[in-house]
Amino acid sequence: MSKPLVITLGGKKYPALNLQKALKRIGMQWRKNARISLTKQKRQNTGYLSKSIGLEVGQDKNGFFVNITPSAPYWPFVDLGVQGASYNKFGSIQSKSPFRFGSGKGPKGMRGAIDRWTVQKNIKGTRDEQGRFVSRQSIVYAITSAIWHRGLKPSLFISGTGERIEKKAVKQIGIALEKDYANAMKKDMSRDKNLNVT
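From a predicted model like this one, the values you see are computed outputs, not experimental measurements. (Residues numbered from 1 in each chain as written. Predicted model: local features only at pLDDT ≥ 70, side-chain atom pairs only at ≥ 80, totals over all residues. Heavy atoms only, no water.)

Participant: Can you help me understand the nonpolar core in this one?
Facilitator: As a rule of thumb, nonpolar side chains are buried together in soluble globular proteins. Among the nonpolar cores identified, the biggest contains 13 residues, and Leu5, Leu19 and Leu23 are the most heavily contacted of them. Looking at this core, the elements with two or more residues in it are helix 1 (17–40) and helix 7 (159–190). With four residues, the top contributor of residues to this core is helix 1. Every residue in contact with Leu19, bar those within four places of it in the chain, is listed here: Leu5, Phe64, Ile173, Ala176, Leu177 and Asp180. (Core = buried A, V, L, I, M, F, W, Y, C linked by side-chain atoms within 4.5 Å. Buried < 20%, exposed > 50% of the residue type's maximum accessible area, 1.4 Å probe, protein only. Helix = DSSP H or I, 4+ residues; strand = E, 2+ residues; numbered from the N terminus. Contact = heavy atoms within 4.5 Å.)

As structure tokens, this is what we get:
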């Protein structure tokens, strides 16, 4: 449960209920758009990444915020992509990614993740063009090697959908804040017994 948001008027704090509802609505729409983006780009395998997207509405020293963050540890790589060790197949957006194969800074275990993926997809050994049997382990190595050299395509399922919803959210936030300040002024003025508040 998120902590209640507050606004300050005349040195006193008042609940920002309308703003809290607006930010929650915006966050829910952002999360929905992020999930749709993953589905459209065929980035759903087990559905874990999509289901792991959490929603947080809050307030800190910089102001009010709404955030959606998946608990799946690999989500930034899916969102921003990963630059290839040899080249970037997916253009300028991939080139802006802070992640790069071969940098030595990222988490290890890509081959294990690819191996699990081939099991989930029921990919078994097959025959090559010459009729020779190619084991699943060889397929895993080939996929891992290809990804290592060319990188991963950015999906922008969080950052891209966030930028798009931000433009629409500004108006909703403004209306909500206007209502909350009007309510706060009413409460503040009602404390003065010489004033009539209607």
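Participant: Is there a simple way to think about the layout of surface pockets in this case?
Facilitator: A probe matching the size of a water molecule, rolled over the atoms, marks out where space remains unfilled. Counted as a void, the largest pocket has a volume near 1800 Å³. For the lining of the largest pocket, the secondary structure elements donating two or more residues are helix 2 (48–51), helix 3 (75–80), helix 5 (110–120), helix 6 (136–150) and strand 8 (151–152). With eight residues, helix 6 is the largest single contributor of residues to the lining of the largest pocket. Of the volumes computed, that of the second largest pocket is approximately 210 Å³. Considering the residues around the second largest pocket, the lining is formed by Leu23, Ile26, Trp30, Phe64, Phe65, Val66, Gly162, Ile165, Glu166, Ala169, Val170 and Ile173. Of all the secondary-structure elements, those providing two or more residues to the lining of the second largest pocket are helix 1, strand 4 (63–70) and helix 7. The dominant element in the lining of the second largest pocket, judged by the number of residues it contributes, is helix 7, at six residues. The class makeup of the residues in the lining of the second largest pocket is 10 nonpolar, one polar and one charged. (1 Å grid on protein atoms, 1.4 Å probe; cavity = no way out; pocket = protein on both sides within 12 Å on 5 of 7 lines; lining within 4 Å. Points joined across faces, edges and corners; volume = space filled by probe spheres on them. Nonpolar A, V, L, I, M, F, W, Y, C, P; charged D, E, K, R; others polar.)

Participant: Can you walk me through the pairing of strand 4 in this structure?
Facilitator: The two faces of the sheet receive side chains in turn, since in a regular strand these alternate between them. Pairing between strand 3 (residues 53–60) and strand 4: eight bridges, direction antiparallel. Directly across from Leu55, in strand 4, lies its bridge partner Ile68. Remark: two residues form the turn of the hairpin made by strand 3 and strand 4, two consecutive strands paired antiparallel. (Pairing = 2+ DSSP bridges.)

Participant: Please explain the pattern of salt bridges as it appears in this structure.
Facilitator: Two side chains bearing opposite charge may form a pair once their charged atoms approach each other closely. Inspection of the entire model under this criterion finds one salt bridge. In this structure, Arg136 engages Asp115 in a salt bridge whose closest nitrogen and oxygen atoms are separated by 2.4 Å. Pair noted here: Arg136 is in helix 6 and Asp115 is in helix 5, with a separation of 21 residues, a long-range link. (Salt bridge = Lys/Arg side-chain N within 4 Å of Asp/Glu carboxyl O.)

That's the geometry; what it means functionally is another story.
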